[in-house]
Amino acid sequence: MTSGTGRATSIEVAFLDDLADDAPSRAELLRALRDVTDAPGQDVFSASADQILTLAEADPDRHVLVVRRDGQVAGVGVLHPGGASDEMLDRLDGARPQDVVVFRGFLVDRHHQGVGVGSSVAAALPALVARLAERLGRGPFASVVLVVDADNAAGLRAYARAGFVDRGAYLDAAGRTQHVMALAVV
């Protein structure tokens, strides 16, 4: 990938557990992930990195993704099999919760925004979901689903470019419009 400066950049997405198999490495990587911060005004689109990681640490069904750009931590996200809410499932034509992986808690660090990190991660999701199925020793998942705030134009564009289809919207508890987007992965 090439950045806006014409310089080639490398964006990689991997499971935290695949990158840090010893305690010191894991602690260092977790510190870097907790330092991921959004740009001003974006806090309505996602929880903080600390909140995302705290929830993942408390739930073994949440699998942390590490996003790196040119070797630096550039973002964090979570794949959560079986974690689809009723609002999501209602828009997925009878999908069973166990066949759906939710991509949630995705946060791109403010210093790495606008250079294709989000689009790269969106494009990588089908392969990551397939890898997750293998890790869990199960058959393939049918789809990956996510929720995007209606005011997050960059997110909506990135997911649509990656083949995600807008399955409808709902109002969240804060009264914000959220779009459910899904991508078949089988």
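Quick caveat, the model's predicted, so the values are computed rather than measured.

### A short note on the overall build of the protein chain
Alright, step 1. When you go through the protein chain residue by residue, the secondary structure sums to six helices and seven strands.
Alright, step 2. Here the protein chain has a C-alpha radius of gyration of 16 Å; the compact-globule value for 186 residues is 16 Å, and the two agree.
Alright, step 3. With the C-alpha coordinates aligned to their principal axes, the bounding extent of the protein chain is approximately 40 × 35 × 30 Å.
Alright, step 4. Split into buried and exposed, the 186 residues of the protein chain put 42% on the buried side.
Alright, step 5. In the protein chain, of all internal contacts separated by at least 6 residues, the share reaching a separation of at least 24 is 62%.
Alright, step 6. When the accessible surface of the protein chain is summed, it comes to about 9,200 Å², and 50% of that surface belongs to carbon and sulfur atoms.
Alright, step 7. For the protein chain, the separation between the mean place of its 18 positive charges and that of its 25 negative charges on side chains is 3 Å.

### Observations regarding the nonpolar core
Alright, step 1. Within the largest apolar cluster, 26 residues are counted, with the highest numbers of intra-cluster contacts made by Leu79, Phe103, Leu146, Tyr159 and Phe164.
Alright, step 2. Looking at this core, the elements that each hand over two or more residues are β1 (11-15), β2 (63-69), β4 (100-108), α5 (117-136), β5 (143-149) and β7 (177-184).
Alright, step 3. Sort the elements by how many residues they give to this core and α5 lands first, with eight residues.
Alright, step 4. Residue contacts for Tyr159: discarding those within four places in its chain leaves Phe103, Phe106, Ala122, Leu146, Val148, Phe164 and Met181.
Alright, step 5. In this structure, Leu16, Ala20, Val64 and Val73 belong to the second largest nonpolar core, which totals 16 residues.

Basis of the calculations
- Residues numbered from 1 in each chain as written.
- Predicted model: local features only at pLDDT ≥ 70, side-chain atom pairs only at ≥ 80, totals over all residues.
- Heavy atoms only, no water.
- Helix = DSSP H or I, 4+ residues; strand = E, 2+ residues; numbered from the N terminus.
- Rg over C-alpha atoms; globule rule 2.2 N^0.38 Å.
- Buried < 20%, exposed > 50% of the residue type's maximum accessible area, 1.4 Å probe, protein only.
- Contact = heavy atoms within 4.5 Å.
- Areas by Shrake-Rupley, 256 points an atom, 1.4 Å probe, with all protein chains shown as cover.
- Lys, Arg positive; Asp, Glu negative; His and termini not counted.
- Charge placed at Lys NZ, Arg CZ, Asp CG, Glu CD.
- Core = buried A, V, L, I, M, F, W, Y, C linked by side-chain atoms within 4.5 Å.

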